[in-house]
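Descriptive analysis of the structure
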Amino acid sequence: MRKMKKALAAVLAVVFALQMVACGSANEPAKEENKDTNAQETQTQETDAAETNDTDKASGESKGVIAYSCYNMSWEYYVTLAKGIRDAAEAAGYEYVEHDQRSDQSIMVQGCTDLINQNIACLVLTPCKPEAAANVYEMAAAKGIPVVLADISTEAQGYLACFKSDNYDGGVIAGQYALEVLADKGGSHKAAMITVDPSNTNISRSNGFKETIEPAGWQVVSELSGKSEPDVAYSCMQDIITANPDVEVVFCSNDPMAISASQAVADAGLVPGKDVYILGYDAQTNVFEPIKNGTVLGTVAQDPYGMGSGAVEVFLKNLDGEMLSYDEEGTKIIYTDQWIIDAANAAEYE
Amino acid sequence: MKKINWGKHVVVVILVGFWLVMFVMNKNFRLGDNLASILREAATAGIAALGMTLIIIMGDFDLSIGSMVALLGIIMAGVMNTVGLIPSLIVVCVAGMVCGLVNGVIIAYFKVPAFITTLGTYYSFRAIAYILNNANTIMCTNPTFLKIGNGNIGVIPIPFVILLVLGIVLAMVLNRTVYGRNVRALGNSEKACRISGINTKRVKMLAFLLMGFCAAVSTMIITARQACASPDVAINFHFEAITVVVLGGTKLIGGEGSIFNTIIAAVLYASVSNCLNLYHVDAKWQRICMGLILLVAFSFDFIQRLVVTVRENSQKKTVQKV
């Protein structure tokens with residue numbers, strides 16, 4: 001009996017300790033957010049606004065909770081997106097909470113269920129598995145909670161709007177930039193692409209690039225899949241140079257692959273930024289150094305902050321009964337801006 | 001009236017205590033929808049944990065159930081549109097038993113240790129799942145099927161009812177049949193079983209077959225809740241199932257265990273996970289909490305064994321002195 005009581009006491013103590021941890025660390029996300037997102041800030045005015053709004057929140061008047069369930073909060077891109085939502089939510093007098101799916105669809109379904117059961121005002125969702133989100137829409141609709149998608153779209157209907165970048169258009173922007181910068185260099189007018197197969201996002205980007213430069217007389221000599229892994233992208237780049245030593249520009253559909261490709265060019269004895277030009281995508285923090293050094297020509301920047309704040313804006317408009325205008329009526333997609341970051345404007349966006 | 005040995009059912013006391021505290025402390029926990037959500041979530045890992053209880057009582061492990069779920073999901077969703085709902089459910093149960101049989105045969109007849117075998121099938125089953133549909137996800141839109149995961153009978157979620165029914169059946173198998181007794185005996189000492197004429201190979205194979213069946217039922221629920229089958233689902237599923245079994249007090253060395261405790265532990269695990277979500281705990285801290293729970297669960301076993309060993313040693317010394 002005594003042994004059982006000791007065991008019971010020990011376990012209860014651990015469980016209650018866990019709860020204290022839970023209550024204590026519920027405040028941690030707020031502090032961590034502010035530290036992490038200073039790295040990638042595309043709209044610095046909002047930062048100032050956020051500071052003053054934190055004090056408004058403290059006054060305790062909250063109209064409800066806006067929750068963001070995210071694919072994976074350890075990715076810088078989504079940290080910025082989350083900040084966009086947080087700032088807009090708090091500016092409008094709502095409380096902001098976050099949920100990390102850790103790239104696991106079961107966690108996505110369960111976490112969204114738990115959030116919906118708490119009768120939040122709005123759910124902003126970046127689904128790690130878009131197909132599995134259909135149930136989430138139904139549950140939310142049953143409780144009258146609007147769902148807004150950010151960055152990733154799904155086929156199932158049931159959401160209010162979806163904010164994402166037009167990946168095809170991003171490829172077009174990269175293509176036009178390449179044509180502009182390299183038109184007079186007298187190079188071979190040969191291009192290659194390192195994409196990620198079978199990701200639709202990346203394939204759209206590559207298609208946009210290809211279909212912009214080909215009509216202008218350029219030739220795409222190679223299109224390989226870097227599988228979104230720097231090592232694989234490195235060997236793809238080596239293969240491209242071996243087969244086409246006079247290739248002029250290589251478009252990589254994300255920055256880690258671009259950085260790796262520029263390394264491969266350097267290791268092959270050529271000069272990245274002179275003999276071969278590399279373009280990336282996403283404007284991640286560690287591509288700014290190569291851009292300033294000239295080893296990477298430029299990158300296509302997306303606007304995750306704008307996606308986040310746009311999502312909250314759309315929710316508020318819907319609440320007021322305003323009609324929403326979409327860029328694509330059928331899929332309710334609203335596109336956010338994209339632009340090139342190169343050596344000329346890198347300092348501004350770093 | 002049989003005297004209840006509370007020492008063996010500590011997990012019940014912990015669950016009741018936890019729920020009482022949460023009821024008082026958090027208004028969202030009390031909501032009917034939330035409690036139903038906990039039961040629904042408990043069923044997913046709980047059903048797999050039922051089969052895992054049998055395996056652990058027998059003294060083995062099965063690390064491949066997550067990959068089994070991925071493979072079975074693809075198979076079930078793949079045939080559902082062509083053969084219809086009921087036949088596809090039968091197909092998935094049969095396929096689950098076949099997967100379990102693969103494990104069982106390699107372990108029992110080729111004498112490869114369970115850890116190694118199921119580690120191999122952990123990789124192989126998932127690889128087959130990726131190959132079968134070219135790594136694509138298959139949508140499941142049959143509304144009756146979706147009800148299996150998302151529907152209720154009255155206020156109780158259907159998955160939890162399935163958990164209870166399966167639990168009762170397996171508890172009867174474990175406690176009231178010769179087979180159940182053989183499973184426990186095997187967990188205590190394989191050598192003694194062989195000497196007393198028990199067909200250890202058949203006992204092992206049947207246990208892994210049942211595990212495969214439980215994995216198939218889990219697959220139905222997981223796929224219904226997500227309305228799609230994909231090859232990258234349930235990556236850490238074996239971890240959850242083993243944690244739940246050990247949390248229920250089943251010893252890792254085998255020989256002892258209780259299906260009832262496993263069900264209670266499944267509800268406790270889901271409750272703690274729900275509580276972490278209700279308090280919007282950061283993902284990093286959630287991982288730490290679940291890791292702590294696993295450590296605590298495993299250390300019950302270790303501490304109890306340590307106490308028993310120390311007591312035995314001190315008794316031996318007393319006897320020697322005399």
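Reading the values: rules and limits
- Residues numbered from 1 in each chain as written.
- Chains lettered and ligands numbered in written order.
- Predicted model: local features only at pLDDT ≥ 70, side-chain atom pairs only at ≥ 80, totals over all residues.
- Helix = DSSP H or I, 4+ residues; strand = E, 2+ residues; numbered from the N terminus.
- Buried ≥ 20, exposed ≤ 12 C-beta atoms within 10 Å, placed from the backbone.
- Contact = placed C-beta atoms within 7 Å.
- Expected span 1.5 Å × (residues − 1).
- Pairing = 2+ DSSP bridges.
- Axes fitted to C-alpha atoms, helices over the stretch in contact; angles between N-to-C directions.

1. Some points on the overall build of chain A
- Of regular secondary structure, chain A possesses 13 helices and 12 strands.
- Considering chain A as a whole, with its 350 residues, one finds that 48% of them fall into the buried category.
- When contacts within chain A are restricted to residue pairs at least 6 apart in sequence, those whose partners lie at least 24 apart make up 72%.

2. Let's talk about helix H7 (residues 167-182) of chain A
Residue and element names in this part refer to chain A.
- With 16 residues, H7 ought to run about 22 Å at 1.5 Å a step, and its terminal C-alpha atoms sit 22 Å apart, in line with that.
- Among all positions of H7, only Asn167, Gly170, Gly171, Val172, Ile173, Ala174, Gly175, Tyr177 and Ala178 are buried.
- For H7, the elements touching its buried residues are strand S5 (161-165), helix H8 (200-213), strand S8 (249-252), strand S9 (277-281), strand S10 (298-301) and strand S12 (339-342).

3. Examining the sheet that holds S5(A)
Residues and elements named next belong to chain A.
- The strand order across the open sheet formed by six strands is S2-S1-S3-S4-S5-S11, and the pairing between neighbours is parallel. Looking along the sheet, the strands with just one partner apiece sit at the ends: strand S2 (95-100) and strand S11 (333-336). Pairwise comparison of adjacent strand axes, ignoring direction, gives a mean angle of 20° for this sheet.
- Sheet analysis places strand S1 (residues 65-70) next to strand S3 (residues 122-125), joined by four bridges and oriented parallel. Directly across from Ser69, in S3, lies its bridge partner Leu125.

4. A closer look at the sheet that holds strand S7 (residues 219-225) of chain A
All names here are of chain A.
- Taken together, six strands build an open sheet; the order of strands is S7-S6-S8-S9-S10-S12 and the sheet is mixed. Both edges of this open sheet fall to S7 and S12, since each of them pairs with a single strand only. The mean angle between the axes of side-by-side strands here comes to 20°, regardless of whether they run parallel or antiparallel.
- Bridging between S8 and S9 involves three bridges; their strand directions are parallel. In the sheet register, Val249 faces S9, and the bridge partner there is Tyr277.
- Where H8 meets the sheet, it contacts strand S6 (190-195), S7, S8 and S9, and its direction lies at approximately 170° from that of S6.

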